[in-house]
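Understanding the architecture of this molecule
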Amino acid sequence: MEDVPVTVISGYLGAGKSTLVRRILSEEHGMKVLVVENEIAEDMGIEGALVTEGLDRSAVTEFVELPNGCVCCTVKDELTDSLSRVVKMKKFDLVVIELSGLADPGPVASLFWTDEELELGLRLDGLICLVDAKHAGRHLGDPIFMKQVALADLVVVNKVDLASEDEISCLEKDLAALVSPTSRMQRTSMSVCDLREALHLKTMRNDEVCTALTLGKREDLEEGHSHPEGVGAVTLRFSEKAVVFSSDELTRQLGKLVWEQPAGEVWRLKAMVCVGKARERWIFQGVHELFEGEQYGSWDVDKPVVSSFIFIGKNLNRDLLLEHLNESLI
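Everything numeric in this text was worked out from a predicted model, so none of it was measured.

Cut-offs and rules
- Residues numbered from 1 in each chain as written.
- Predicted model: local features only at pLDDT ≥ 70, side-chain atom pairs only at ≥ 80, totals over all residues.
- Heavy atoms only, no water.
- Helix = DSSP H or I, 4+ residues; strand = E, 2+ residues; numbered from the N terminus.
- Buried < 20%, exposed > 50% of the residue type's maximum accessible area, 1.4 Å probe, protein only.
- Contact = heavy atoms within 4.5 Å.
- Areas by Shrake-Rupley, 256 points an atom, 1.4 Å probe, with all protein chains shown as cover.
- Polar contact = N/O pair within 3.5 Å; in protein donor to acceptor, adjacent residues only side chain to side chain.
- Phe/Tyr/Trp six-rings, centres within 6.5 Å; stacked < 30°, edge-to-face > 60°.
- Lys NZ or Arg CZ within 6 Å of the ring centre and 35° of its normal.
- pLDDT = per-residue confidence, 0-100.
- Pairing = 2+ DSSP bridges.

1. Thoughts on the overall build of the chain
Within the chain one finds ten helices and 13 strands. Looking at the 330 residues of the chain, the share that counts as buried comes to 55%. Residue pairs at least 24 apart in sequence account for 78% of intrachain contacts in the chain once pairs closer than 6 positions are excluded. By element, 49% of the accessible surface of the chain is carried by carbon and sulfur atoms, the whole surface being about 14800 Å².

Structure below.
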């Protein structure tokens, strides 16, 4: 049986997250959806009522409200308990987790990606961040806002009907400096977006990682970029035919980069790497403090070998990242 996909929705206060959740629950997509609400209202039920107001309750498979908790690490155990309880009662096609506007999505995303102790049959499908096109500019220096955007696989620029074209274009340029070169960005109003894309990002699948790192999603894939606050992405490519990595040593060096942070804060990483003399193709992925690598086929003999790394985080030092990766070469 396939694992149930988990979509994590983040976004600053007022960005339209609850409206998007309402659309997910009300539009025709033929899926049984479990919504997990991480709210910051003092009284239970406030955001829950907003999300489900006006909906046919039969469309809401289950609604789990969590206590106050804008700090994800304090919510983590409660979230685990809630899902353990609910998933055992019913079968779901999709789990949607709406985080509070002040929440860091990293800890929650890493929980559903690699926490084997859960054994709930869940997998992280992707992260969505909603951004208020009219008012987001004032939050560009806020650490939580920047991390929400930087970790996202899909950035939804919402409420474009309230902003001018110049305001939207300027905002998109600023956002592009924060996100991974492989992420997607789209405009919308009233949180209307293509649910087929939003609910099936599949960005954690090895085949999707290979496609993204091979083709690139945007023209700046080669160079990387950063925001004035130091948040952004660094892309490193090794295209020489003789460049081969040791899987054990690369795992050790990536662990150093993620946990000890000698080259800056690594929030997320994606890599497609040539490993060993047998030219095995390995995929490495990391979210927050967790990462893993596994073999995904081999490189075609007739095609060029290009090992690619994308690091997303804060104050990343390209030279130090390269130095640690070079320690993994055979």
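2. Examining the side chain of Q148
Take Q148: it is sitting in helix α5 (residues 143–151). Overall, the relative accessible area of 0% leaves Q148 in the buried class. Among the polar contacts listed, one links the side chain of Q148 to the backbone oxygen of A103, at a separation of 3.0 Å. Leaving out residues up to four positions away in the same chain, Q148 has contacts with S10, G11, Y12, S100, G101, L102, A103, P105 and C129.

3. Points about the packing of aromatic side chains
This structure, assessed with the given rule, holds seven aromatic pairs. Pairing F238 with F309 gives two aromatic rings, centres 5.9 Å apart and planes at 80°, and the pair type is edge-to-face. Of the two residues, F238 sits in strand β9 (residues 231–238) while F309 sits in strand β13 (residues 307–314), which places them 71 residues apart along the sequence. Among the aromatic residues, those joined into a ring-pair cluster are F238, F245, F309 and F311. Over the aromatic face of W299 sits the side chain of R281, whose NZ or CZ is 6.0 Å from the ring centroid.

4. Considering the confidence of the model for the chain
With 72% of its residues at a pLDDT of 70 or more, the chain shows a mean pLDDT of 77. Counting interchain partners and residues more than four positions distant, the pLDDT-below-50 stretch residues 54–62 has 19 contacts. Taken as a whole, residues 64–77 scores under 50 in pLDDT and shows 43 contacts with residues more than four places along the chain or in a different chain.

5. Considerations on the pairing of strand β1 (residues 4–11)
The buried fraction of β1 amounts to eight of the eight residues, a majority that puts the element mostly inside the structure. Side chains V4, V6, V8 and S10 project from β1 onto one buried face, and the interleaved P5, T7, I9 and G11 project onto a second face that is buried too. By the bridge criterion, eight bridges tie β1 to strand β5 (residues 122–132) in an arrangement that is parallel. Looking at the pairing, T7 lines up with G126 of β5. As paired strands, β1 and strand β4 (residues 94–98) are joined by four bridges and run parallel to one another. Residue pairing in the sheet places I9 in a bridge with E98 of β4.

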